[in-house]
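# Structural features, examined
Residue-level listing of the chains:
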Amino acid sequence: MIKNLVIVESPAKASTIEKFLGKDYTVTSSYGHIRDLVKKDMGIDTENGFLPKYEVPADKKKKVSELKKMAKEASTVWLATDEDREGEAISWHLKEALAIPNEKIKRIVFHEITKPAILEAVSNPRTIDDHLVDAQQSRRILDRLVGFELSPVLWKKVRPSLSAGRVQSVAVRLIVDREREIQEFVSKDYFNVSGLFKVRSNEGIEYSLKGDLNTKFEDYDSALNFLEKCVDAKYSITALDKKEIKKSPAPPFTTSTLQQEAARKLRYSVSKTMRLAQNLYEAGHITYMRTDSVNLSDFALGAAKETITQNFGSNYHHSRKYKTKSANAQEAHEAIRPTYFSNRSIANLSREEAALYDLIWKRALASQMSDAKIEKTTADIGVSTSQYKFIATGEVILFDGFLKLYIESKDDDDNEDEDMSILPPLTVGQSLDMKEITATQRFTRPSARYTEAALVKKLEELGIGRPSTYAPIISTVQDRGYVVKEEREGKPRNYNKLTLNSSGKILKEEKTEITGADKGKMFPTDIAFIVNDFLVKHFPNILDFKFTAKIEKQLDDIAKGEIERVEMLKKFYGPFHKIVKEALETGERAAGVRELGKDPKTGLDLIVRMAKYGPVAQIYNPDNAEIKPRIASLKKNQRLDTITLEAALDLFRLPRIAGEFEGEELMVAEGRFGPYVKHASKFYSIPKNIDPLEISESECIEIITIKRTGEIERNIKSFTENPEVKILNGRFGPYISNGKVNAKIPKGREPKEITYPEAVILIAESAKKEPTKRRRS
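What you are looking at is a predicted structure, and each value in this text was computed from that prediction instead of being measured.

Criteria and thresholds
- Residues numbered from 1 in each chain as written.
- Predicted model: local features only at pLDDT ≥ 70, side-chain atom pairs only at ≥ 80, totals over all residues.
- Heavy atoms only, no water.
- Buried < 20%, exposed > 50% of the residue type's maximum accessible area, 1.4 Å probe, protein only.
- Helix = DSSP H or I, 4+ residues; strand = E, 2+ residues; numbered from the N terminus.
- Pairing = 2+ DSSP bridges.
- Axes fitted to C-alpha atoms, helices over the stretch in contact; angles between N-to-C directions.
- Contact = heavy atoms within 4.5 Å.
- Patch = residues over 30% accessible without salt bridge, like charges linked within 9 Å, V, L, I, M, F, W, Y side chains within 5 Å.
- Areas by Shrake-Rupley, 256 points an atom, 1.4 Å probe, with all protein chains shown as cover.
- Salt bridge = Lys/Arg side-chain N within 4 Å of Asp/Glu carboxyl O.
- Lys, Arg positive; Asp, Glu negative; His and termini not counted.
- Charge placed at Lys NZ, Arg CZ, Asp CG, Glu CD.
- Phe/Tyr/Trp six-rings, centres within 6.5 Å; stacked < 30°, edge-to-face > 60°.
- Lys NZ or Arg CZ within 6 Å of the ring centre and 35° of its normal.
- Arc of directions from axis to C-beta.
- Polar contact = N/O pair within 3.5 Å; in protein donor to acceptor, adjacent residues only side chain to side chain.
- Right-handed = clockwise from strand over helix to strand, strands pointing away.
- pLDDT = per-residue confidence, 0-100.
- Expected span 1.5 Å × (residues − 1).

Before going further, it helps to spend a moment on the pairing of strand β21 (residues 674–679). On a regular strand, one side chain projects to one face of the sheet and the next to the other, so that they alternate. Counting buried residues along β21, five of its six residues qualify, which places the element largely inside the surrounding structure. Where strand β20 (residues 664–671) lies against β21, five bridges are found, and the strand directions are antiparallel. Within β21, the position partnered with Ala-669 by the bridge is Tyr-676. In textbook terms, the turn of a hairpin is the stretch between consecutive antiparallel strands, and for β20 and β21 this stretch comprises two residues.

See below:
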């Protein structure tokens, strides 16, 4: 007989909680089965806004039956799923699927998995919050409605197997819009001027002083003219300004700020951060990791004070109670923090978990530390022959405060702070000697492409999504092929540099820099542009940022019990369904067609478009369908929106004959998997570092020879009885293969000594073990 049955989501969480409860409590988990239980909404009753009767999948019935039996035997069932809406919905699904009477249920929630928190939750149980369940159900219904109704439109009007989503498509729009902004950006050049000066103290010590001119020049001639004026100029300190400033620490982490900072400092992806944070939470090391609150409990504030005072001194402590800016944040929840500030580090964590824990510990503790006090000095350096002046700035930390422990990182676009150094002793009127003045050509830059962290920040700013949805959004847009996260090489660009040296000579140089290189950024694919444009045209509301944020606000209102979910869903679905029907009936097919010009050889039109298997260039006659079009696939680094006529024409230079070898032609062509050489009906891949348009006869022969040598070394033994059966060298050692099934070679056997009958038997035994799995040879 079970007295108290506690059900949680995962075995790890169950294991941690079990340590804090007595023998009267049986703790179990339904991980892998709850996921199926919450899929009750795969079908939707759009008239009433309710989900149809759910049937448990056959392969899950055994586990569900076990849970049902345990729940029936128990006097009390404690539902201890997570504290957010999803956790509330899981508890409700468990109640329904396991047929648990309301009078047996006690719902408990906690922000952290510690003994005091668990015992406190057990002492203060509540019922399942139907409003939170309704909000979560409504979100899933809305997402299904949009996904199930929009995706078939894309299948018919764009390409099969595409998908759309209420929030996913908005995230893709942000990335597409940013890419277009970058493509359309026209860079303007200008000249930055900086000066390096010598200054002597009263004691005769020589210092260097660097300053930047308080203006930028629009062109080369203006910059050169200024340097020419500086040749005979006198330089002196015309003004000094000292002021004390304070820097305050950042608040403790919310879900989004943790994802952003882990990306900046640790280079973690959003999904990796959440996976590691989940591990830390379930092991009882940090508080709940899906939260939009920056609030800290009184217990946490007291523990932080004690830790700071013991480690740094009482003058480093400054208690703060942060208020969340988001109007929809739940202040009853807490920010992400260590469960115990006294635990500076945790034993038995993986290296990645330890790094994330350290980040959380430092950020939370620093939020309760004193402001840093900094003396900022600004010196104006006058130029006797010009109206402009150089400005030198420096900082001295008077009291480090929270900086002793933690400094928040910034995104590329936000990091505008200049490097600050300590200025030497200076006085107004003091003369300076010019060592060097440089005028460097610079170029304006467009907004940076989104990183995962920057996209999360933007979604949060727009009010789109909630803490539990950021990671799935980021993963989905990549998994569906709309976005790729990759490294792209930049291009060389020349720039001018003018240098006036201490001898009065101006040196003129042309230098080269690499521009446009990006690493770990999110790039939209060609299909993302096409789908986005189609959806924006036919479903402007769904792709509208304010509309999506409004829906999020309505879901929050449902969670608070302020609006009724059925009415909200009806108001959304009616107009939406009407637009879907119109798009299916009247919407034009979208293929992303872009006209580039004419093929100079034939005079026919050359376009680029999206085909069934990817983007292609096409030479054709739009007025004569009998003329067969010529089609060539775009290269991996080419895009429908940016490819030029010249680059597209190059694609039709293949296939071409590169020469002859062993009496057979060497044909170079481009296939679905990249460029290749075809020789004697065999295919040989061309390495990435060789341009297929320029590959020579000798290079083709070398590729073929290397491949043949590799095949000879790979083939240990073949059998005349059946040439398909071979003994081969693989990555993990020798093995037997018939082209369909691979078999291991028994330990102690020499591969060359295996006979054909033995090989056949070993392949047959291997096929019996995994009859449905085909292996590559």
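On to the sheet that holds strand β2 (residues 25–29), then. Read across the sheet, four strands follow the order β2-β1-β3-β4 without closing on themselves; strand pairing throughout is parallel. Each edge of the open sheet carries a strand with a single partner, namely β2 and β4 (105–107). Put simply, the sheet's adjacent strands are angled 25 degrees from each other on average, direction ignored. Of the strand pairs in this sheet, strand β1 (residues 4–8) and β2 are connected by five bridges, and their pairing is parallel. Residue pairing in the sheet places Asn-4 in a bridge with Tyr-25 of β2. The strands touched by helix α3 (residues 61–73) are β1, β2 and β3 (76–79); relative to β2, the strand with the most contacts, the crossing angle is about 160 degrees. Across the sheet, helix α4 (residues 85–97) is in contact with β1, β3 and β4; its angle to β4 comes to roughly 175 degrees.

To continue, consider a negative patch on the surface. Where like charges cluster on the molecular surface, the negative patch consists of Asp-189, Glu-218, Asp-219 and Asp-221. With respect to the element layout, Asp-221 can be found in helix α8 (residues 220–230). On the basis of relative accessibility, which here comes to 55%, the residue Asp-221 falls in the exposed class.

A separate point is the packing of aromatic side chains. Taken as a whole and assessed by the stated rule, the structure comprises 16 aromatic pairs. Summarising the aromatic geometry, the rings of Phe-547 and Phe-572 are spaced 6.4 Å apart at their centres and angled 25 degrees between planes, so their arrangement reads as stacked. With Phe-547 in helix α16 (residues 545–559) and Phe-572 in helix α17 (residues 565–586), the pair connects residues that are 25 residues apart, well separated along the chain. The pair formed by Phe-547 and Phe-572 is uniform in burial state, with each residue classed as buried. A centroid spacing of 5.3 Å and a plane angle of 70 degrees characterise the contact between Tyr-676 and Phe-683, whose relative ring orientation is edge-to-face. In textbook terms, an aromatic cluster arises when at least three aromatic residues are bridged by ring pairs, as seen for Phe-197, Phe-217, Phe-226, Tyr-235, Tyr-388 and Phe-390. A cation over an aromatic ring shows up here: Arg-173 above the ring of Phe-545, its NZ or CZ 5.0 Å from the ring centre. Over the ring of Tyr-495 we find Arg-442, and its NZ or CZ is 5.4 Å from the ring centre.

This brings us to the sheet that holds strand β23 (residues 715–719). The pairing of strands in a sheet happens through backbone hydrogen bonds and is either parallel or antiparallel. Across the sheet, four strands lie side by side as β23-β24-β25-β26; this open sheet has antiparallel pairing. Each having just a single partner strand, β23 and β26 (742–744) make up the two edges of the open sheet. If you compare each strand with its neighbour and ignore which way they point, the axes differ by 30 degrees on average. Bridge analysis of strand β25 (residues 733–737) against β26 gives three bridges, and the strand direction is antiparallel. Paired with Ile-736 across the two strands is Ala-743, which belongs to β26. Strand contacts of helix α19 (residues 697–714): β23, β24 (722–730) and β25, with the helix running at about 70 degrees to β23, the strand carrying the most contacts. Contacting β23, β24, β25 and β26, helix α20 (residues 756–769) crosses the sheet at an angle of about 105 degrees to β26.

In this section: α8. Every buried residue belonging to α8 is among Ala-223, Leu-224, Phe-226, Leu-227 and Cys-230, and all of these are buried. For α8, the angular spread of the buried residues around the axis is 160 degrees, confining them to a single face. Looking at where α8 begins, the residue whose side-chain oxygen comes 3.3 Å from the main-chain nitrogen of Asp-221 is Asp-219.

Both faces of β3 are covered, namely the face carrying Thr-76 and Trp-78 and the face carrying Val-77 and Leu-79. With four bridges connecting them, β1 and β3 associate as parallel partners. Paired with Asn-4 across the two strands is Thr-76, which belongs to β3. Regarding topology, α4 serves as the crossover connection from β3 to the parallel β4, and that connection is right-handed.

Moving on, we come to the confidence of the model for the protein. When pLDDT is averaged along the protein, the result is 89, and 93% of the positions lie at 70 or above. Mean pLDDT across the elements of the protein ranges from a minimum in helix α2 (residues 34–37), with 49, to a maximum in helix α12 (residues 351–366), with 97. In the model, residues 37–53 has pLDDT below 50 throughout and makes 41 contacts with residues more than four positions away in sequence or in other chains. Across residues 772–777, confidence stays below pLDDT 50; counting only partners more than four residues off in sequence or on other chains, it has 12 contacts.

Below, the discussion takes up the environment of Ala-354. Its location among the elements puts Ala-354 in helix α12. What makes Ala-354 partly exposed here is its relative accessible area of 31%. The sequence separation of Ala-354 and Leu-276 amounts to 78 residues, and the corresponding C-alpha distance is 9.4 Å.

Moving on, we come to α4. In this model, α4 (13 residues) spans 18 Å end to end at C-alpha, consistent with the 18 Å of a helix rising 1.5 Å per residue. With respect to burial, α4 is a largely interior element, 11 of its 13 residues being buried. If you check which residues of α4 are buried, you get Arg-85, Gly-87, Glu-88, Ala-89, Ile-90, Ser-91, Trp-92, His-93, Leu-94, Lys-95 and Ala-97. Two residues or fewer past α4, Ala-99 is found with a positive phi of approximately 55 degrees.

Here we come to unusual backbone geometry. Trans peptide bonds make up the majority, and among non-glycine residues the majority have a negative phi. For the bond running from Leu-654 to Pro-655, omega is 0 degrees, close enough to zero to count as cis. Unusually for a residue other than glycine, Ser-161 sits at a positive phi of about 70 degrees. Structurally, Ser-161 can be placed in the loop between α6 (130–157) and α7 (168–184). Residue classification places Ser-161 among the exposed positions, given a relative accessible area of 72%. Positive phi is not limited to glycine here, since Ser-681 has a value of about 70 degrees. In this fold, Ser-681 is placed in the loop between β21 and β22 (682–685).

Enumeration over the complete set of coordinates arrives at 45 salt bridges. Its salt-bridge partner being Arg-139, residue Glu-552 comes within 2.7 Å of it at the nearest N-O pair. Taken together, the positions of Glu-552 in helix α16 and Arg-139 in helix α6 put the pair 413 residues apart, joining distant regions of the chain. On the basis of relative accessible area, Arg-139 is assigned to the buried category, the value being 7%. Among the ionic pairs, Arg-180 bridges to Asp-641, the shortest N-O distance being 3.5 Å. Here Asp-641 lies in the loop between β18 (630–633) and α18 (645–651) and Arg-180 lies in helix α7, a separation of 461 residues in the sequence. The class for Asp-641 is partly exposed, based on a relative accessible area of 28%. Each of the salt bridges in this network shares a partner with another, and the network as a whole consists of Glu-9, Lys-13, Asp-82, Asp-84 and Arg-290.

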